[in-house]
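What the coordinates show
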Amino acid sequence: MKVSLVSLAALLGVAAGFSAAPSNVVNTRSVATTSLTSVQLSSTQVDAAPFAKPPRVVREQLPTVYVYDHCPFCVRVRLAMGVKNVKHLIHFLANDDIASPTALVGKKIAPIFELPEDNFVMGESLDIIAKIDTDPRFGPTNQILPASGRKDIKAWQKSVQTLLRTLQRPRYVATGLLPEFQQIDGRHAFIKNHQLPPYEKPEWKGDGTQENPGMDMDVKLKLYAEAMAADPTPLVEDLNARLVELDDMLYSEHYCSEGGFSLDDVDLWARLRSITIVSGVQWPSKLRSYMDNLSALGDVPLYDEMAL
């Protein structure tokens, strides 16, 4: 799906201080091909057996996960529950909804896991995953292997952080399709609290004092619109090269680390999913298969069809 910059201005709020970009500005529709593109640059394939999904678990009272669709920590939980084949309810929180999570756990956070049969509520993604993977009510236990502690993948993630923030954050709100951003209040709440490079959080948000009140909201909206209006080609080309590097680190198209499905996959795949919202990405073949395989295994869709 493609959204014009005129639509972008409407989504972010023209009345807040900026108008649509002029028609001669290059936009993301000029980027060739879709993010479904894969290139034959994959490293040697390892013949690893896919994860054996257990039988479906359907509790009389279904557990509920409270999430934001774009949030990688929320995706961790959704992926883990899907891999374990646990039927659950998904409650997508509006990004500006403070009352709902606060009523559950005392503050605005996500994900939140609610187990009605125990009158039990908890936060923190890895704690939630540990809960469902050690409770026999949710099928065979200890199916998700521990994190391996790989430093190469962590270093790669850190090295692309600025690049991904620049590409992904404006697109989250520009699609108009993610459930947490269905209303302008949710979109503005995200923009208010999530800086774009090169700005750092203290400069963007401020600290609530008169000396550092943070950036004016109209300026933030303008910066988000300009980020979407800019030609993304150089950034996408850089990302494509970085994905080739990651492809070489991937053990197989089913697991990123040797031994089987682990918390390495839970974290890595949850972060990589957001890249599929960027049009023009060329995925090395093994990495593309990894994305598709875990999407199907965990029953968590990718963003390819709404990429901008």
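Please refer to the structure higher up on the page.
Residues numbered from 1 in each chain as written. Predicted model: local features only at pLDDT ≥ 70, side-chain atom pairs only at ≥ 80, totals over all residues. Heavy atoms only, no water.

It is worth spelling out the packing of helix H2 (residues 72–83) against helix H4 (residues 125–134) at this point. Two elements in contact, H2 and H4, have axes whose closest approach is 9 Å; the angle formed by their N-to-C orientations is 10 degrees. The angle between H2 and H4 falls in the class roughly parallel. Listed contacts from H4 to Phe 73, Arg 76, Val 77, Ala 80 and Met 81 of H2 are Ser 125, Leu 126, Ile 128, Ile 129 and Ile 132. Residue composition of the contact of H2 with H4, grouped by class: 8 nonpolar, 1 polar and 1 charged. (Axes fitted to C-alpha atoms, helices over the stretch in contact; angles between N-to-C directions. Helix = DSSP H or I, 4+ residues; strand = E, 2+ residues; numbered from the N terminus. Parallel < 35°, antiparallel > 145°, perpendicular 65-115°, else oblique. Contact = heavy atoms within 4.5 Å. Nonpolar A, V, L, I, M, F, W, Y, C, P; charged D, E, K, R; others polar.)

Reading across the sheet, the 4 strands line up as E3-E2-E4-E5 and stay open at both edges, with mixed pairing between neighbours. The open sheet has two edge strands with one neighbour each: strand E3 (89–92) and strand E5 (120–123). For this sheet, the mean angle separating the axes of adjacent strands, direction not counted, is 20 degrees. Each of strand E2 (64–67), E3 and strand E4 (112–115) touches H2; the most contacted strand, E2, lies at about 150 degrees to it. Packing against the sheet, H4 makes contact with E4 and E5, and its axis sits at approximately 135 degrees to E5. (Pairing = 2+ DSSP bridges.)

The terminal C-alpha atoms of helix H10 (residues 233–249), which comprises 17 residues, lie 25 Å apart, in line with the 24 Å expected from a rise of 1.5 Å per residue. Listed in full, the buried residues belonging to H10 are Val 236, Leu 239, Asn 240, Arg 242, Leu 243, Leu 246 and Asp 247. Against the buried residues of H10 lie helix H5 (151–159), helix H6 (161–174), helix H11 (263–272), strand E6 (283–284) and helix H12 (285–298). (Expected span 1.5 Å × (residues − 1). Buried < 20%, exposed > 50% of the residue type's maximum accessible area, 1.4 Å probe, protein only.)

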